[in-house]
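Observations on the three-dimensional arrangement
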Amino acid sequence: MSYASQLMMTLPEVILSIGAIVLMLVAAWGGKGSARAIGWVSVALLIGAGISLIGPATGGGHAFYGLYRADAFSGFAKLLIYIGAAVSIIMAPDYFQRTAGDDMRPEYPVLILLAAVGMGVMVSASDLLMLYVGLELQSLAAYVLAAFMRQDNRSAEAGLKYFVLGALASGILLYGISLVYGFTGTTLFDVIASRYAAGPSMGLLFGLVFVFAGLAFKISAVPFHMWTPDVYEGAPTPVTAFFATAPKVAAMGLAVRVAIEAMGPAVDQWRQIVIFAALASIILGAVGAIGQSNIKRLLAYSSINNVGFMLIGLAAGTAQGVASVLIYLTIYVAMTLGSFLIVLQMRREDGSFVETIESLSGMSRTRPGLALALAMFMFSLAGVPPLFGFYAKFAVFSAAVNAGFYPLAAVGIAASVIGAYYYLRIVKVMYFDDPAPSFVPVSNRLEGGLIALSALFISPLGYLLIPAISGWATVAARALF
């Protein structure tokens, strides 16, 4: 295969890499005044990268001696990543202007682009070292983004915590990779799978455990979830929205590819880890959110809870299970982006932002449209029919049942009832408590339009898209088998 055809497979990453480098130079000479222009160019680059997924980038094939794979699975994940990254750039300028008293610095969209490059490599990696390179590129940009508001103690603390715990997780993952390499003699997924098929040794099992432990941190699954609430609360809200969507999709896609492609023959071994992480994440994510007073911390526990449901689909170990994970991710990204866009509207007349759940009191009377949208997102996250979030949970539970894991599905369904409590609590505060001081009207029509679009997507009208989403998810899942 010629280098030109291999480069065409990596066209999304090439577009974003060259664009990020050029925009970095523009930022160096243009200063803060170029930030908004760089932001919109970055969104255009993400759209271009998404369009470039049509063709060789999802045609199926290996590039660069088996290190990189372009297929329908990576294409599906990258599209969700680019959507999350683009919305995170769009929602940033107004936030930084009102919070920091200054315009958004031009480094912000450049860091998002570089993180998107790393995430693209993560979901396309077919080699353990390529996996690690992509993951670290994404992580380094994320550490800076978490601490982006240098004068804010909470943001600095979030960046430091994320960096320290992220370095620990990277060390655990690297140790697992070294064990797998030591006992197989390779880092290529397909060769590793053949070694596991020959019969996993004790060394390979230890390598599997450490690799999955490192990946569990990246998807914030229990027991490696401890960084999530603090980082989500301390980071700037657009950055938190980014963390809760794009990196989550990339990490989950990476975990699925490693589990199915590299360690598929050892499914009985890693399934035990995944089932434990799934049930623990569902239960702890639900219980931990009950006592929260900050809505960003509540959404952090919500993300942990939702990761648990995604892992139920992975535990099935079937093509239907992988497809259910992709379907869940699609709906989850819409629900989460919509929720954080509403958090950005929680500001008083003086322009200051508030994040407490109590500040939502009586919002149904002061801002009925915003209250209705947030209620829809909360009910959808809880899996209440007929909203689209119900179908996401239905998909993963169906995959578990069809794979014969009836107890897992039953426990997951029962545990989801716990999580409904804190979602319903927000609806109760908005509709039944005495009104708090009202928020200012939505001044950014684009943000208002994105909220409306997200609410429309997770409404019952979203069921009209099931054939298209399920069909593409099924094709993407089969690419791994």
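An unreviewed UniProt entry lists the protein under the name NADH-quinone oxidoreductase subunit N, with Stakelama sediminis as the source organism. Database annotation for the protein, UniProt heading Catalytic activity (unreviewed entry): "a quinone + NADH + 5 H(+)(in) = a quinol + NAD(+) + 4 H(+)(out)".

Further remarks concern the packing of aromatic side chains. Following the criterion strictly, the structure yields 23 aromatic pairs and no others. With centroids separated by 4.4 Å and ring planes inclined at 45°, the aromatic side chains of Tyr422 and Tyr423 adopt a geometry described as tilted. Each member of the pair, Tyr422 as well as Tyr423, is classed as buried. Taken together through their ring pairs, the aromatic side chains of Tyr143, Tyr162, Phe163, Phe217, Trp227, Tyr232, Phe242 and Phe243 make up a single cluster. Stacked on the ring of Phe309, the Lys or Arg Lys393 has its end atom at 4.6 Å from the ring centre.

Here Thr240 shows up in helix H12 (residues 237-262). Residues Thr240 and Tyr3, 237 residues apart in the sequence, show an inter-C-alpha distance of 38 Å. Each residue touching Thr240, except ones within four places of it in the same chain, is listed here: Val231, Tyr232, Ala235, Lys296 and Phe340.

In this section: a nonpolar patch on the surface. Taken together, the side chains of Ile283, Val287, Ile290, Ile418 and Tyr421 present a nonpolar region at the surface, about 410 Å² in accessible area. Of all the secondary-structure elements, those providing two or more residues to the nonpolar patch are helix H13 (267-290) and helix H19 (406-432). On the secondary structure map, Ile283 appears in helix H13.

As a further point, take the layout of surface pockets. Size it by volume and the largest pocket reaches roughly 460 Å³. Around the largest pocket, the lining is made up of 17 residues, and of these Ile83, Val333, Ala334, Leu453 and Phe457 lie nearest the centre. For the lining of the largest pocket, the elements supplying multiple residues, two or more each, are helix H4 (72-90), helix H15 (319-344), helix H20 (445-458) and helix H21 (466-478). Looking at the lining of the largest pocket, its residues break down into 15 nonpolar, two polar and no charged.

Counting 179 residues, the largest nonpolar core has Tyr108, Phe243, Met263, Trp270, Leu311 and Leu360 as its most contacted members. Every residue in contact with Phe243, bar those within four places of it in the chain, is listed here: Ala142, Leu145, Ala146, Tyr162, Val231, Tyr232, Ala235 and Lys248.

For helix H14 (residues 295-316), built from 22 residues, the straight-helix expectation of 32 Å at 1.5 Å per residue is met to within 8% by its first-to-last C-alpha distance of 32 Å. Within H14, 22 of the 22 residues are buried, which leaves it mostly tucked inside the rest of the structure. Between the side-chain oxygen of the N-cap and the backbone nitrogen of Lys296 there are 2.8 Å, and the N-cap of H14 in question is Asn294. Following H14 by one or two positions, Gly317 has its phi on the positive side, about 70°.

This paragraph deals with the packing of H12 against H15. Running from amino to carboxyl end, H12 crosses H15 at an angle of 170°, the nearest separation of the two axes being 9 Å. On the basis of the axis angle, H12 is roughly antiparallel to H15. On the side of H12, the interface is formed by Thr237, Pro238, Thr240, Ala241, Ala244, Thr245, Lys248, Val249, Met252, Val256 and Ile260, while H15 contributes Val322, Val325, Leu329, Tyr332, Val333, Thr336, Leu337, Phe340, Val343 and Leu344. When the residues that make up the contact of H12 with H15 are grouped by side-chain class, the tally is 16 nonpolar, four polar and one charged.

With that settled, consider the environment of Ala250. As for its position among the elements, Ala250 is in helix H12. Of the residues examined, Ala250 reaches a relative accessible area of 0% and is grouped as buried. Those residues in contact with Ala250 that sit more than four places away from it in its chain are Ile81, Met119, Met122 and Val123.

The next point concerns the pattern of salt bridges. The full count for this structure, using the stated rule, is 14 salt bridges. The residue Arg257 makes a salt bridge to Asp71 at a minimum N-O spacing of 3.0 Å. Of the two residues, Arg257 is situated in helix H12 and Asp71 in the loop between strand E2 (68-70) and H4; the sequence distance between them amounts to 186 residues. In terms of burial, Arg257 and Asp71 fall into one category: buried. Note that Arg257 and Glu261 form a salt bridge whose closest N and O atoms lie 3.1 Å from each other. Of this pair, Arg257 and Glu261 both sit in helix H12, four residues apart, roughly one helical turn. When sorted by exposure, Arg257 lands in the same class as Glu261, which is buried. One connected set of salt bridges, linked through shared partners, spans Arg154, Glu157, Lys161, Asp230, Glu233 and Arg297.

Okay, the environment of Lys218 next. Relative to the assigned elements, Lys218 resides in helix H10 (residues 202-218). Note: C-alpha distance between Lys218 and Ser139 (79 residues apart in sequence) is 9.2 Å.

What follows deals with the packing of helix H3 (residues 35-51) against helix H6 (residues 107-124). Viewed as axis vectors pointing N to C, H3 and H6 meet at an angle of 20°, and their least axial separation amounts to 9 Å. Compared by their axis directions, H3 and H6 come out roughly parallel. In terms of crossing hand, the pair formed by H3 and H6 is left-handed. Contacts from Ile38, Gly39, Ser42, Leu45 and Leu46 in H3 reach Pro109, Val110, Leu113 and Ala116 in H6. Broken down by class, the residue content of the contact of H3 with H6 amounts to seven nonpolar, two polar and no charged.

Rules of the game
Residues numbered from 1 in each chain as written. Predicted model: local features only at pLDDT ≥ 70, side-chain atom pairs only at ≥ 80, totals over all residues. Heavy atoms only, no water. UniProt positions renumbered as here; feature names shortened; annotations may be inferred. Phe/Tyr/Trp six-rings, centres within 6.5 Å; stacked < 30°, edge-to-face > 60°. Buried < 20%, exposed > 50% of the residue type's maximum accessible area, 1.4 Å probe, protein only. Lys NZ or Arg CZ within 6 Å of the ring centre and 35° of its normal. Helix = DSSP H or I, 4+ residues; strand = E, 2+ residues; numbered from the N terminus. Contact = heavy atoms within 4.5 Å. Patch = residues over 30% accessible without salt bridge, like charges linked within 9 Å, V, L, I, M, F, W, Y side chains within 5 Å. Areas by Shrake-Rupley, 256 points an atom, 1.4 Å probe, with all protein chains shown as cover. Salt bridge = Lys/Arg side-chain N within 4 Å of Asp/Glu carboxyl O. 1 Å grid on protein atoms, 1.4 Å probe; cavity = no way out; pocket = protein on both sides within 12 Å on 5 of 7 lines; lining within 4 Å. Points joined across faces, edges and corners; volume = space filled by probe spheres on them. Nonpolar A, V, L, I, M, F, W, Y, C, P; charged D, E, K, R; others polar. Core = buried A, V, L, I, M, F, W, Y, C linked by side-chain atoms within 4.5 Å. Expected span 1.5 Å × (residues − 1). Polar contact = N/O pair within 3.5 Å; in protein donor to acceptor, adjacent residues only side chain to side chain. Axes fitted to C-alpha atoms, helices over the stretch in contact; angles between N-to-C directions. Parallel < 35°, antiparallel > 145°, perpendicular 65-115°, else oblique. Left-handed = near helix turned anticlockwise from the far one by under 90°.

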